[in-house]
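Commentary on secondary and tertiary structure
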Amino acid sequence: MRQLHLNLFVYPAGHHEAAWRHREASPQRVLDITHYQELAQSAERAAMDAVFFADGPSLPDNVRYASRFRLEPFTWLSAIAAVTERVGLIATASTTYLEPYNLARLFASLDHLSAGRAGWNIVTTGAPQAAQNFGLQDHPVHAERYARAEEYLEVVGALWDSWEDDALVIDPASGVFADPAKIHPIGHAGPRLRVRGPLNTPRSPQGRPVYVQAGSSEDGRALAARHAEAVFTAQQTLDNARDFYADVKSRVKAAGRDPDLVKVLPGLSPFIGSTEAEAKALQEEFDELTQPEYSLGQLRQILGVDLDGHDLDGPVPRDRLPADTGRGHASRHAVVLDIIERENPTIRTLLRRLAGARGHWVTAGTPEQIADRIERWFTGGAADGFNIMPPYLNGGFDVFADHVLPLLRSRGLFRSEYGGATLREHYGLPRPASRFA
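For the structure given in this document, a descriptive report is provided here. (Residues numbered from 1 in each chain as written. Predicted model: local features only at pLDDT ≥ 70, side-chain atom pairs only at ≥ 80, totals over all residues. Heavy atoms only, no water.)

Quick look at the overall build of the protein now. Each helix and strand in the protein was counted, giving 13 helices and 13 strands. Over its C-alpha atoms the protein spans a radius of gyration of 22 Å, differing by no more than 12% from the 22 Å that the globule rule assigns to 437 residues. Along the longest, intermediate and shortest principal axes, the C-alpha atoms of the protein span 75 × 50 × 45 Å. In the protein, which comprises 437 residues, the share counted as buried stands at 57%. Taking all contacts inside the protein whose residues are at least 6 apart in sequence as the whole, residues at least 24 apart take part in 77%. As displayed, the protein offers around 17600 Å² of accessible surface, 50% of which is attributable to carbon and sulfur atoms. (Helix = DSSP H or I, 4+ residues; strand = E, 2+ residues; numbered from the N terminus. Rg over C-alpha atoms; globule rule 2.2 N^0.38 Å. Buried < 20%, exposed > 50% of the residue type's maximum accessible area, 1.4 Å probe, protein only. Contact = heavy atoms within 4.5 Å. Areas by Shrake-Rupley, 256 points an atom, 1.4 Å probe, with all protein chains shown as cover.)

Right, let's get into the pairing of strand β5 (residues 168–171). Within a regular strand, side chains alternate between the sheet's two faces. Here β5 pairs with strand β6 (residues 176–178) via 2 bridges, running antiparallel. Each bridged residue has a counterpart across the sheet, and for Asp171 the counterpart in β6 is Val176. In this structure, the hairpin formed by β5 and β6 is closed by a connection of 4 residues, where Gly175 is found at a positive phi of approximately 80°. (Pairing = 2+ DSSP bridges.)

Taken together, the side chains of Leu168, Ile170 and Phe177 present a nonpolar region at the surface, about 290 Å² in accessible area. Within the secondary structure layout, Ile170 lies in strand β5. (Patch = residues over 30% accessible without salt bridge, like charges linked within 9 Å, V, L, I, M, F, W, Y side chains within 5 Å. Salt bridge = Lys/Arg side-chain N within 4 Å of Asp/Glu carboxyl O.)

Counting along an α-helix, one turn takes 3.6 residues, and residues three or four places apart therefore face a common direction. With 13 residues, helix α11 (residues 367–379) should reach 18 Å at 1.5 Å per residue; the first-to-last C-alpha distance of 18 Å fits that figure. Inspection of α11 places Pro367, Ile370, Ala371, Arg373, Ile374, Trp377 and Phe378 among the buried residues, and these make up the whole buried set. Buried residues of α11 fall within an arc of 160° about the axis and therefore sit on the same side. Next to the buried residues of α11 lie α6 (238–254), β11 (263–272), α7 (276–288), β12 (361–365), β13 (385–388) and α12 (395–410). Positive phi appears at Gly381, one or two residues downstream of α11, with a value of about 75°. (Expected span 1.5 Å × (residues − 1). Arc of directions from axis to C-beta.)

Following the criterion strictly, the structure yields 29 salt bridges and no others. Ionic pairing is found between Arg2 and Asp384, a salt bridge with its closest N-O pair at 2.9 Å. Here Asp384 lies in the loop between α11 and β13 and Arg2 lies in the segment before β1 (5–10), a separation of 382 residues in the sequence. With relative accessibility at 41%, the residue Arg2 sits in the partly exposed group. For Asp384, a relative accessible area of 5% corresponds to the buried category. Arg342 is the salt-bridge partner of Glu343, the closest N and O atoms lying 3.4 Å from each other. Residue Arg342 is classed as partly exposed on the basis of its relative accessible area of 38%. Within this structure, Glu154, Asp161, Asp165, Arg203, Arg431 and Arg435 form a network of salt bridges that share partners.

Close contact between α11 and α12 brings their axes to 9 Å; oriented N to C, the two are set at 55°. Considered as vectors, α11 and α12 are oriented oblique to each other. Where α11 crosses over α12, the handedness of that crossing is right-handed. Contacts from Pro367, Glu368, Ile370, Ala371 and Ile374 of α11 reach α12 at Phe400, His403, Val404, Leu407 and Leu408. Residues belonging to the contact of α11 with α12 are distributed by class as follows: 8 nonpolar, 1 polar and 1 charged. (Axes fitted to C-alpha atoms, helices over the stretch in contact; angles between N-to-C directions. Parallel < 35°, antiparallel > 145°, perpendicular 65-115°, else oblique. Left-handed = near helix turned anticlockwise from the far one by under 90°. Nonpolar A, V, L, I, M, F, W, Y, C, P; charged D, E, K, R; others polar.)

It is worth spelling out the nonpolar core at this point. Met48, Phe107, Trp120, Trp160, Phe386 and Leu408 are the most contacted members of the largest nonpolar core, which totals 71 residues. Element by element, the count of residues in this core is highest for helix α4 (residues 142–161), at 9 residues. With 24 residues, the next largest nonpolar core counts Tyr11, Ala50, Val212 and Tyr427 among its residues. (Core = buried A, V, L, I, M, F, W, Y, C linked by side-chain atoms within 4.5 Å.)

See below:
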């Protein structure tokens, strides 16, 4: 029977932009590794597929109002790997601002030390302020970033394959440690990248990490169709999610791949209460803690429009909304425009819609209602599972694990225990053979 795939998406303090201000949050622990280790252990006890840690190579402009800094994810996940045994470990890494040889080494090392639990969230980076951190005057345009990503994936895939599975011999009797004939330079010389190889790390337990892709633009969907094994996406409605799901699966099939081996996982941020009114009141508590200065900055980053000075209780001025420039967050730009077109919100209402999870699906209800909504998307052709994005931590995940997961298990929709040891096994994915074998 087909079952859900569920990740815990960890964000400092929680996914609501005002989470750090709420009485249920633990903002003083955002730099405490034991905080994250405890979360990962909770996710493992719940038999979640993976913990996911997002990253970005620059500091956002609005750190004054929210926990917007970034911990480096490979260091973070190495500490998580040391205290867990089964839960997958997914990290964001940029194809625009990280050299492919370094990325290949980092992920191969994580996969080895975790015994095969690594996943790579492939992003091209939407934040334009990253460019000058890496000696570039301008952030590359969207199409150029994706062209580089395509070549980048070819390079890192070849590096991960450059050691055949049996290249590491370790035979003290013969004195042979490794077979050089089974270790291959890749000799890549492309329009954007030149990498000789081979990798200086043997082939990892999964062959290579699970490929996760997180862009929903036209270029992002095309990249996902050719390479992704899981797709992270922000979808606001069941109909939009169905359309996205069908589109990605059809593109995967057209690319000659098995659609069942590509998992579509929207983000879901649930406010949970013993009654629907209680859940909605909890959400309202968080929304009341939002700060317009921060929220307007978020909107400016996504849409490229400055609404400072506008009446927050007036309509969103559609005539001021620019088309996507091609340099920023293309897929999130489309999500926000869709909200404006469908709901005709005031500026304040729009800001609160985005406060919960930056454009991901936010819903409030009882455990039964949350389970019903998850099941409706899962069985209705909209999702293979979800990235669970707790509004606050740790309690926001605890209530989901304690009250929603048992309902999903009772319906046969989610596992009670792990059936495998690697992230590929959790997702039902094959281990790829080396291209050099």
